[in-house]
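An overview of the molecular structure
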2 protein chains.
Amino acid sequence: MTLIELATKAKEAKYEIALLSTEVKNKAILAAADALEKNSAEIIRANAIDMANGEKKGLNQGLLDRLKLDEGRIKGMADGLRVVVELEDPIGKITEEFDRPNGLKIKKRLVPIGVVGVIYEARPNVTADVFGLCFKTGNAVILKGGSDALESNNAIVKVIKASLQENGLPVDAITLIEDTTRESTNQMMRMNDYIDVLIPRGGAGLIKSVVENASVPVIETGSGNCHIYVDYDADIDMAISIIENAKTQRIGVCNACESLVINEQIAASLLPALNSKLREHGVQIFADEKSRSFMEGSDAATEKDFATEYLDYIISVKTVSNVDEAIAHINKYNTGHSESIITNDKENAEKFLSGIDAACVYVNASTRFTDGFEFGFGAEIGISTQKLHARGPMGLLALTSYKYTIYGDGQIRK
Amino acid sequence: MTLIELATKAKEAKYEIALLSTEVKNKAILAAADALEKNSAEIIRANAIDMANGEKKGLNQGLLDRLKLDEGRIKGMADGLRVVVELEDPIGKITEEFDRPNGLKIKKRLVPIGVVGVIYEARPNVTADVFGLCFKTGNAVILKGGSDALESNNAIVKVIKASLQENGLPVDAITLIEDTTRESTNQMMRMNDYIDVLIPRGGAGLIKSVVENASVPVIETGSGNCHIYVDYDADIDMAISIIENAKTQRIGVCNACESLVINEQIAASLLPALNSKLREHGVQIFADEKSRSFMEGSDAATEKDFATEYLDYIISVKTVSNVDEAIAHINKYNTGHSESIITNDKENAEKFLSGIDAACVYVNASTRFTDGFEFGFGAEIGISTQKLHARGPMGLLALTSYKYTIYGDGQIRK
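Definitions and cut-offs
- Residues numbered from 1 in each chain as written.
- Chains lettered and ligands numbered in written order.
- Predicted model: local features only at pLDDT ≥ 70, side-chain atom pairs only at ≥ 80, totals over all residues.
- Heavy atoms only, no water.
- UniProt positions renumbered as here; feature names shortened; annotations may be inferred.
- Pairing = 2+ DSSP bridges.
- Helix = DSSP H or I, 4+ residues; strand = E, 2+ residues; numbered from the N terminus.
- Axes fitted to C-alpha atoms, helices over the stretch in contact; angles between N-to-C directions.
- Contact = heavy atoms within 4.5 Å.
- Buried area = accessible area lost by both parts, 1.4 Å probe.
- Salt bridge = Lys/Arg side-chain N within 4 Å of Asp/Glu carboxyl O.
- Polar contact = N/O pair within 3.5 Å; in protein donor to acceptor, adjacent residues only side chain to side chain.
- Nonpolar A, V, L, I, M, F, W, Y, C, P; charged D, E, K, R; others polar.
- Expected span 1.5 Å × (residues − 1).

Per an unreviewed UniProt entry, chain A goes by Gamma-glutamyl phosphate reductase and derives from Pseudobutyrivibrio xylanivorans DSM 14809. Per its UniProt entry, chain A bears the Catalytic activity (unreviewed entry) comment "L-glutamate 5-semialdehyde + phosphate + NADP(+) = L-glutamyl 5-phosphate + NADPH + H(+)". Under the Sequence similarities (unreviewed entry) heading, UniProt states for chain A: "Belongs to the gamma-glutamyl phosphate reductase family."

Structure (structure tokens):
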């Protein structure tokens, strides 16, 4: 089938799925979870082909690890779906209700977005995750996975489609685009008549390409050049513990800390100890002149360091003379993701919370908490770094839109 | 100044404006309103140049009328600003608040979007309107008006900037791009590092161009192929009155009715009378075969008619055998704007409200009510026909984003 034919079917399916009751949707998601487990052998067989191709192609260990599926990971996918079943269904909820002087009764009602397009890389578990979140919110989903995971994704989608069919539900609730060429991705990104939103999930290159080339509305996710600012009066132990956590607990994630901003009044008492702690983890440090003298073994930071999301055991350090300077520095270099201040000064904390332009702004906590599960949303479709529609961790609500339903008795406009 | 220089200044201003109190913002908007009235002679002089150029260029009467400014219209602009002052300021409002088991206290806080870009055509009143709405919500605005209104827009922006300066506020809260070439528009649409959202206001061509070419997130507005479906048991007088209103009260607007869907059971009793009423207004009718026999003087409708937003004294008519068929027809041809059902059947009304994919879905009322003022929002930045961020009439809330502010006492992620 051509992309247009696939998208037409998804669009037809969306009208049907939008009207399903919570009960029917939950039953279908549970059935899909069971089906994934039941057909795990088949999925693992398909995955083995991807793995063999990946090894032949010389994919690095990290990518191969993300690609790999086994019984445990398939159970993880199934359990992920079961968690979604437990979440409250936002669809149909009336979020506002008001009457007009002319007698019109207006109700704002949560509805599915419609057809959600997801472009992602070589993580086949995304396939099941995204299906669960979209189906629960009454959306049809069109998936464009990386070519490295094609066999695995295909196997997963086949199992889910078969399970939907057994339950008498539209199989086009989930569609995998098998053509993994760049042309087909480009075409998908411009199908405004069929796809209501695009969510790219993957590295910075993928996201940039989607933002630059899509005419379909995009929710930009992922990139995080996150800062921690240590204020003049911060608790030194707390600062070191939070920075250690935010930098080293998991380096490859978007909410990891990439850059430190240090009040120069606290530099002498904080930095030598912090330096030792970071060295224990093998963190390489690019520091400005004032901080370098307190951080043995550090290298000189350039402008480029402050703008880099390392996703590695590397961090940059910048000294400032006050919180205003810290805010200005962070607003200049951050990606609107997560920023934290370590302070005991309540006024400075509020200044930081108000002045920083980012999805999540913390006082005395690690940036690593920016996450749908940590926020208690029970699920996550991604972390938005844009300001439209959804910002920060996105749970089920981010997959909804609304409509106004208006009840009249013959009103006309004068 | 280059576009980048202008945008850099707007970006700097946004951080300052975001922190202004409601009182300061209101005072500045009132001062701008007064200044517009005080400097009306200068604005009218500038407008006279645009008008003379427009006449020389052969702009049609409709465009010239939209372009023209006089004392009354300038007072209208000023009063529009005064209305915005009366509206509740959403910025800073905490819309959600929750604690996590680890002690983190999370507050979701409404914040400005940042820098709002507006691309519009030859209506200089938009310049003041947009400034008021954006400034009230703490946003900086970059305006790209049509070349036909350049002198008028320049004069208005100059007055507002002078008024901001007198009040000690950042003059870069409002920026007019004087370079009205297509290249500068294209550049503006791709300034993701400076502009947080683009709102095109104007005809279908302008909006399509922005949607297709922008990499900055867009809120799509305006296009309305609105339908009225008359169900089998509708009140005939009500149906005629609502259709007359929605089609003829104002033809050039996006919430005007462009297409009728008629249950064939009611065709014989409704259509002859409706035909006479529409003929009184000189409405040309393109009807399908079944309805044509009841509508003397009508022409045969083609597929293209059902897809056309006429914005004229023209309407298309399609017969269907039931509400499901009506919903399917409307979902196929509508633009997601406003659709209405005229019925006494409550079940069909609910079916229509649930099944129709549009921003505003009416029962027994004219589609002409889709409007920020009619909805009681007190102002309108446009009517969104997309599903992300804002849908339907957009008031001040559509110009806000949110951030999560998170209070901890040393939490790190395990």
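Still more to cover.
Structural notes on the sheet that holds strand β4 (residues 140–144) of chain A
In a beta sheet, neighbouring strands pair by backbone hydrogen bonds and run either parallel or antiparallel. All names here are of chain A. Within the open sheet, the four strands sit side by side as β5-β4-β3-β6. Their pairing is parallel. Of all the strands in the sheet, the pair left with one neighbour each is β5 (174–176) and β6 (197–201). Strand-to-strand twist of the sheet, defined as the mean angle between neighbouring strand axes without regard to direction, takes the value 20°. Strand direction decides the pairing type here: β4 and β5, joined by three bridges, are parallel. Residue pairing for β5: I142 is matched across the bridge by T175. Here helix α1 (residues 3–18) sits on the sheet in contact with β3 (115–120), β4 and β5, set at roughly 150° to β4. Along the sheet, helix α6 (residues 125–136) makes contact with β3, β4, β5 and β6, crossing β4 at roughly 160°.

Some thoughts on the interface of chain A and chain B
Accessible area lost on assembly of the parts is the figure often given for the size of an interface. Residue-level contacts link 75 residues of chain A with 75 residues of chain B. Between chain A and chain B the total buried area reaches about 6200 Å² when both faces are included, carbon and sulfur atoms providing 51% of it. Considering only the side of chain A, the residues that lose the most area to chain B are K387, L388 and R413 of chain A, jointly responsible for 14% of the buried surface there. Summed over the shared surface of chain A and chain B, the result is ten salt bridges. Here R109 of chain A makes a salt bridge to E350 of chain B, at a shortest N to O gap of 3.7 Å. Viewed at the interface, chain B and chain A are joined by 49 residue pairs in polar contact (both at pLDDT 80 or more). Where the side of chain A that touches chain B is concerned, the elements lending two or more residues are α1, β2 (105–112), α9 (204–213), α10 (236–248), α15 (346–355), β13 (360–365) and β16 (400–411) of chain A. Here the side of chain A that touches chain B gets eleven residues from one element, more than from any other, and that element is β16 of chain A. Of the residues contributing to the side of chain A that touches chain B, the split by class is 37 nonpolar, 21 polar and 17 charged. Bridge count between β13 of chain A and strand β16 (residues 400–411) of chain B: five bridges; the pairing is parallel. By the bridge assignment, Y362 of chain A is partnered in β16 of chain B with I406 of chain B.

Details of α10 of chain A
Every α-helix carries 3.6 residues per turn, so stepping three or four residues along brings you back to the same face. When the terminal C-alpha atoms of α10 of chain A are compared, their 18 Å separation across 13 residues agrees well with the 18 Å that a helix rising 1.5 Å per residue should span. By the N-cap criterion, in which a side-chain oxygen at the helix start approaches the backbone nitrogen of a residue two or three places on, α10 of chain A is capped by D235 of chain A, the distance to D237 of chain A being 3.1 Å.

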